[in-house]
Protein chains: 2
Amino acid sequence: MSANKPITVPNKAANTCKVCHARELCLSSCLNEDELNRFDDIIGDRASLNRGECLFMAGNKIKSLFILHSGSVKTYVESADGDMQITGFHFSGDIIGIHGIENSMHGDTVEALETSSVCELRFTSLDEITTVFPKLQDQLMQYIFREMCHEQTMMLVLGKMSADRRLAHFILDISARLSEHGLSATNINLTMTRHDIANYLGLAVETVSRLLTRFQKMGIITVQRRLLTIFDIDALQDIYDQNESHIPKASIGKLNAANHMRL
Amino acid sequence: MSANKPITVPNKAANTCKVCHARELCLSSCLNEDELNRFDDIIGDRASLNRGECLFMAGNKIKSLFILHSGSVKTYVESADGDMQITGFHFSGDIIGIHGIENSMHGDTVEALETSSVCELRFTSLDEITTVFPKLQDQLMQYIFREMCHEQTMMLVLGKMSADRRLAHFILDISARLSEHGLSATNINLTMTRHDIANYLGLAVETVSRLLTRFQKMGIITVQRRLLTIFDIDALQDIYDQNESHIPKASIGKLNAANHMRL
DNA sequence: CGTTATCTTGACCACATTCAACTTGAGTGG
DNA sequence: CCACTCAAGTTGAATGTGGTCAAGATAACG
């Protein structure tokens with residue numbers, strides 16, 4: 001198959017940050033043109049992952065930071081007895097590999113949900129990148145804080161919320177993040193399986209399935225296999241906020257609307 | 001006793017980092033004597049907190065980093081409808097206030113579990129401290145990674161584990177961390193209430209209480225009020241790892257105790 | 001076209017919550 | 001010092017949410 005020009009050979013010229021479609025979402029978005037050129041130099045060739053393939057696994061030594069260029073991945077941790085917990089889903093522009101631990105090893109595993117590509121950012125010690133590109137430090141820290149905030153929210157979701165609230169949270173979260181990425185907030189292609197969703201939310205697959213059909217019967221969404229369409233996002237928000245109905249919501253002032261957690 | 005020297009007036013000389021009892025646990029542990037002197041200068045007076053008082057609350061602007069000098073605190077996040085989830089407990093030496101979010105506001109609230117004191121590390125932007133003390137950056141990052149790792153583990157605990165595994169995890173975690181702080185690993189003073197423990201583990205208070213008495217009847221621990229004594233730490237580890245315990249569980253009623261293990 | 005993975009739906013039931021009563025200890029004031 | 005109050009914790013019984021088991025439907029794939 002495809003003899004003289006294998007697609008696996010990266011075309012560096014076509015892969016520069018300058019012409020990257022995900023540039024505004026990327027860590028490098030804060031750099032000017034000159035800096036971008038230098039940044040481009042330290043970016044390795046883009047690696048490609050097929051569905052099910054792992055970028056790295058828990059226990060691997062941390063040698064690089066990755067930026068997801070296209071596609072989507074899930075990250076998960078495992079317990080001693082093999083239990084696994086999905087800790088997050090990531091889309092293009094997201095930084096992957098910051099969950100390092102003391103001994104410079106990854107604590108989580110990153111697995112592609114579909115064919116995906118990542119830009120590799122090699123470094124020997126963490127401050128190397130920030131000394132070369134001081135501007136990136138703030139950017140990186142913001143991303144780290146965002147992740148911590150997300151994890152804290154998940155602790156709240158997993159620790160306190162009922163199954164329907166969890167699923168509402170998941171749909172709202174995915175919707176908001178995909179729309180940040182310039183994709184439709186209401187027409188969503190779920191790249192993860194029901195199993196993944198259930199695992200992420202601490203539920204059984206059957207429960208997720210049942211709730212999806214329940215939401216569907218309520219006229220809030222439709223789901224056909226992996227295609228999710230949101231009709232009534234306010235209703236989802238009300239389920240998540242545990243409001244009785246979505247009509248009289250505005251009357252009761254939501255004081256810290258500004259303080260809402262990342263969705 | 002000691003009337004002429006009110007304890008509320010901070011005695012700066014007596015409070016220098018040099019003579020701090022928690023120095024090896026502190027962020028400053030990596031600094032040499034000269035650096036420590038300079039570090040000492042930017043540390044404000046030690047603030048004191050009584051039980052129930054908050055160091056800062058979610059929504060407050062981040063102006064400082066804190067290092068817990070003595071005592072213990074809990075941190076928690078809240079949802080729109082008032083649900084709260086305790087995200088962690090912290091002891092002396094721990095860094096408090098790194099869970100910042102995009103807009104430079106705290107996402108969580110820190111509340112003292114007992115009379116505690118903190119050292120304040122003011123900064124206007126995050127990189128100020130790391131440029132003045134480059135050595136601290138690695139130290140700080142290690143702490144951040146540790147926190148992220150802890151949060152991921154909690155997602156696993158909350159999402160996948162049964163009540164007894166959760167409690168076993170809590171006891172093991174507290175034990176290990178207190179022993180890192182030079183305290184006894186087996187003789188533990190619980191500064192948090194049962195409510196706090198239950199909330200942290202995503203359980204009802206009654207469940208925690210029942211499990212504590214069950215562990216006690218199994219001969220693994222004793223609990224008297226806030227005093228927890230661990231007799232068989234291996235048994236706790238086995239419960240956490242979901243191994244068949246080497247101690248015959250069946251001896252104490254609860255036949256189904258062996259059956260509710262997930263396969 | 002058959003095989004397999006993914007998803008849905010139903011029936012049952014267990015774990016943990018909820019509700020409620022009671023015990024214990026700490027703090028307060030007479 | 002005791003009586004009182006209130007918060008914290010324990011224990012029992014009933015209820016229910018969500019898990020497990022099992023079977024069937026649908027889509028994906030070689």
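What counts, and at which threshold
Residues numbered from 1 in each chain as written. Chains lettered and ligands numbered in written order. Predicted model: local features only at pLDDT ≥ 70, side-chain atom pairs only at ≥ 80, totals over all residues. Heavy atoms only, no water. Phe/Tyr/Trp six-rings, centres within 6.5 Å; stacked < 30°, edge-to-face > 60°. Helix = DSSP H or I, 4+ residues; strand = E, 2+ residues; numbered from the N terminus. Contact = heavy atoms within 4.5 Å. Buried area = accessible area lost by both parts, 1.4 Å probe. Salt bridge = Lys/Arg side-chain N within 4 Å of Asp/Glu carboxyl O. Polar contact = N/O pair within 3.5 Å; in protein donor to acceptor, adjacent residues only side chain to side chain. Nonpolar A, V, L, I, M, F, W, Y, C, P; charged D, E, K, R; others polar. Core = buried A, V, L, I, M, F, W, Y, C linked by side-chain atoms within 4.5 Å. Buried < 20%, exposed > 50% of the residue type's maximum accessible area, 1.4 Å probe, protein only. Near = heavy atom within 4 Å. Domains from an automatic or database assignment. Least-squares fit on C-alpha atoms with pLDDT ≥ 70 in both.

Caption draft 1: Representation of the packing of aromatic side chains. As enumerated under the stated definition, the model contains eight aromatic pairs over all chains in all. Between Phe170 of chain B and Tyr200 of chain B, the aromatic rings sit 6.1 Å apart at their centres with planes inclined by 65°, giving edge-to-face as the arrangement. You can see Phe170 of chain B sitting in helix H4 (residues 163-180) and its partner Tyr200 of chain B sitting in helix H5 (residues 194-201), a full 30 residues away along the chain. Chaining the aromatic ring pairs together yields one cluster made of Phe89, Phe170 and Tyr200 of chain A.

Caption draft 2: Spotlight on the interface of chain B and chain A. Across the boundary between the two partners, chain B contributes 46 residues, which contact 47 residues of chain A. Interface area for chain B against chain A, summed over the two sides, is near 4300 Å², with a carbon-plus-sulfur share of 61%. Per-residue buried area on chain B facing chain A is highest for Met148, Gln152 and Met155 of chain B; these three make up 17% of the total on that side. In this assembly, chain B and chain A are joined by four salt bridges. On inspection of chain B and its partner chain A, the count reaches 12 residue pairs in polar contact (both at pLDDT 80 or more). If you list the elements that add at least two residues to the side of chain B that touches chain A, you get strand S4 (72-78), strand S5 (84-91), helix H2 (126-132), helix H3 (134-160) and H5 of chain B. Among the elements that line the side of chain B that touches chain A, the one with the most residues is H3 of chain B, at 18 residues. Residue composition of the side of chain B that touches chain A, grouped by class: 19 nonpolar, 14 polar and 13 charged.

Caption draft 3: Quick look at the nonpolar core. In terms of nonpolar packing, the biggest core is built from 79 residues, with Leu167 and Phe170 of chain A together with Leu167 and Phe170 of chain B touching the most fellow members. When neighbours within four sequence positions are excluded, Phe170 of chain B is seen to be in contact with Phe89, Leu190, Met192, Ile197, Tyr200 and Leu201 of chain B. Membership of the second largest hydrophobic core comes to 48 residues, among which are Tyr143 of chain A together with Cys17, Leu31 and Ile98 of chain B.

Caption draft 4: The arrangement of the protein's contact with DNA strand D in detail. Taken together, 18 residues form the shell around DNA strand D, and within it Ala163 and Thr207 of chain A together with Ser209, Arg210 and Thr213 of chain B come nearest. Restricting attention to atoms of DNA strand D within 4 Å of the protein, one finds that 67% of them are sugar or phosphate atoms. Here Ser209 of chain B contributes a side-chain N or O atom positioned 2.8 Å from a phosphate oxygen of DNA strand D. A distance of 3.3 Å separates a phosphate oxygen of DNA strand D from a polar atom in the side chain of Thr213 of chain B.

Caption draft 5: Quick peek at the pattern of salt bridges. Throughout the structure, instances matching the rule amount to 17 salt bridges over all chains. As a salt-bridge pair, Glu120 of chain A and Arg122 of chain A come within 3.4 Å of each other at their nearest N and O atoms. When its relative accessible area of 52% is taken as the criterion, Arg122 of chain A is described as exposed. Each of Asp81 and Asp83 of chain A together with Arg165 of chain B takes part in a single network of salt bridges with overlapping partners.

Caption draft 6: Just the environment of Asp45 of chain A, in detail. When you line up the elements, Asp45 of chain A lands in the loop between helix H1 (33-42) and strand S1 (47-49). C-alpha separation for the pair Asp45 of chain A and Val118 of chain A, spaced 73 residues apart in sequence, amounts to 8.7 Å.

Caption draft 7: Local environment of the environment of Leu212 of chain B. Along the chain, Leu212 of chain B falls in helix H6 (residues 205-217). Along the backbone, Leu212 of chain B and Thr222 of chain B are 10 residues apart, and their C-alpha atoms lie at a distance of 8.2 Å.

Caption draft 8: Layout of the domain arrangement of chain A. Residues and elements named next belong to chain A. Split by domain assignment, chain A resolves into domain 1 (12-147) and domain 2 (161-260). When the two sides are added together, the surface that domain 1 and domain 2 hide from each other amounts to roughly 1300 Å², 53% of it contributed by carbon and sulfur. It is Ile86, Phe89 and Phe91 in domain 1 that bury the most area against domain 2; as a group they hold 43% of the surface buried on that side. One can count three salt bridges joining domain 1 with domain 2.

Caption draft 9: Looking closely at the relation of the copies chain B and chain A. Each copy superposes on the other: chain B lies on chain A with an RMSD of 0.0 Å after a rotation of 180° and an axial shift of 0.0 Å. One copy is carried onto the other by what is essentially a two-fold rotation axis. Interface overlap between copies is the fraction of interface residues in one copy that are interface residues in the other; for chain B against chain A it reaches 96%, indicating a shared surface.

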